[in-house]
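Below, each chain spelled out in residue letters.
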Amino acid sequence: MSGGPVSARALQRRKGCARVFPSNSPSEDPVQQAFFHMAKVCAIFGGSRGIGKAVAQLLAWKGYRLAIIARNLEVAQTTVNHLGAGHMALSCDVAMEQDVQNTLQEVEKNLGHVNYLVNAAGVNRDGLLLRTTSEDMVSQINTNLLGTMLTCKAAVRHMLQQQGGAIVNIGFVHTEMTAHLKEDQLKKTIPLGRFGEPDEVAQAVVFLLESPYITGHILVVDGGLQLVI
């Protein structure tokens, strides 16, 4: 994917959805415009860091048009700035249904029909149950469970209208959110002796997105951990 960095032309807040519009839209060249409008669109929740960012980088390289969605709009825009032309950044609270719906509407309005959804947004509050606060429990449920359900619900409505689409939900892997865990002890249980990295999981995500005859499948990318459980 070629092109200069995306800069913010306008920042608006509308019905709970903050958005940044890319200023470097396709040129007047009809060939480039045709390619721009034919490219598939993927909404990546949690696309500003970790696995989501790695997925975004791989999809951008393959020519997709991306919506990078995160709580922090500035961080999402920073990611977009490094992806090239034709992408946009948005902020969204995945635990708020109306916010999720508004966000996907903005994506369709500015990029086109959403072909793919990647759920990489998540919070990590691991700890002893007796030391876990109810606020931490609610935060994890709202983001990791309810948020995923709400984004899928909203995306499926759009995909049904176009009679096609794909969704990939991502689980646990080594990112900055898990870096504080005792790695040496955990890695001893993994046959490959290390955690999976975001770019390795990104390859599996893209494989699932682009495989039309795979559906309802759980692809375990765990370095062989299941073999010893």
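Summary of the structure given here. None of these values were measured; they are calculated from a predicted model.

Describing the packing of aromatic side chains
Working step 1: Under the defined criterion, the tally for this structure stands at one aromatic pair.
Working step 2: Taking the centre distance of 5.8 Å and the plane angle of 45° together, the rings of Y64 and Y116 count as tilted. In this pair, Y64 sits in the loop between helix 2 (50-61) and strand 4 (65-70) while Y116 sits in strand 6 (residues 116-119), placing the two residues 52 residues apart along the sequence. You'll find Y64 and Y116 in the same group, each marked buried.

Side note on empty space enclosed by the protein
Working step 1: Evaluated as defined, the whole model comprises one cavity of 30 Å³ or more.
Working step 2: Lining the largest cavity are F45, V94, N119, A120, A121, T143, G147, T148 and T151.
Working step 3: Here the element with the most residues in the lining of the largest cavity is helix 5 (residues 134-162); it accounts for four residues.
Working step 4: Per-class residue counts for the lining of the largest cavity are four nonpolar, five polar and no charged.

Description of the pattern of salt bridges
Working step 1: Using the criterion set out here, one finds four salt bridges in the structure.
Working step 2: A salt bridge links E97 to K153; its shortest N-O distance comes to 2.8 Å. Linking E97 in helix 4 (residues 97-110) with K153 in helix 5, this pair joins segments that are 56 residues apart in sequence.
Working step 3: The class for E97 is partly exposed, based on a relative accessible area of 31%.

Calculation criteria
- Residues numbered from 1 in each chain as written.
- Predicted model: local features only at pLDDT ≥ 70, side-chain atom pairs only at ≥ 80, totals over all residues.
- Heavy atoms only, no water.
- Phe/Tyr/Trp six-rings, centres within 6.5 Å; stacked < 30°, edge-to-face > 60°.
- Helix = DSSP H or I, 4+ residues; strand = E, 2+ residues; numbered from the N terminus.
- Buried < 20%, exposed > 50% of the residue type's maximum accessible area, 1.4 Å probe, protein only.
- 1 Å grid on protein atoms, 1.4 Å probe; cavity = no way out; pocket = protein on both sides within 12 Å on 5 of 7 lines; lining within 4 Å.
- Points joined across faces, edges and corners; volume = space filled by probe spheres on them.
- Nonpolar A, V, L, I, M, F, W, Y, C, P; charged D, E, K, R; others polar.
- Salt bridge = Lys/Arg side-chain N within 4 Å of Asp/Glu carboxyl O.

Purely spatial values, then, with no claim about function.
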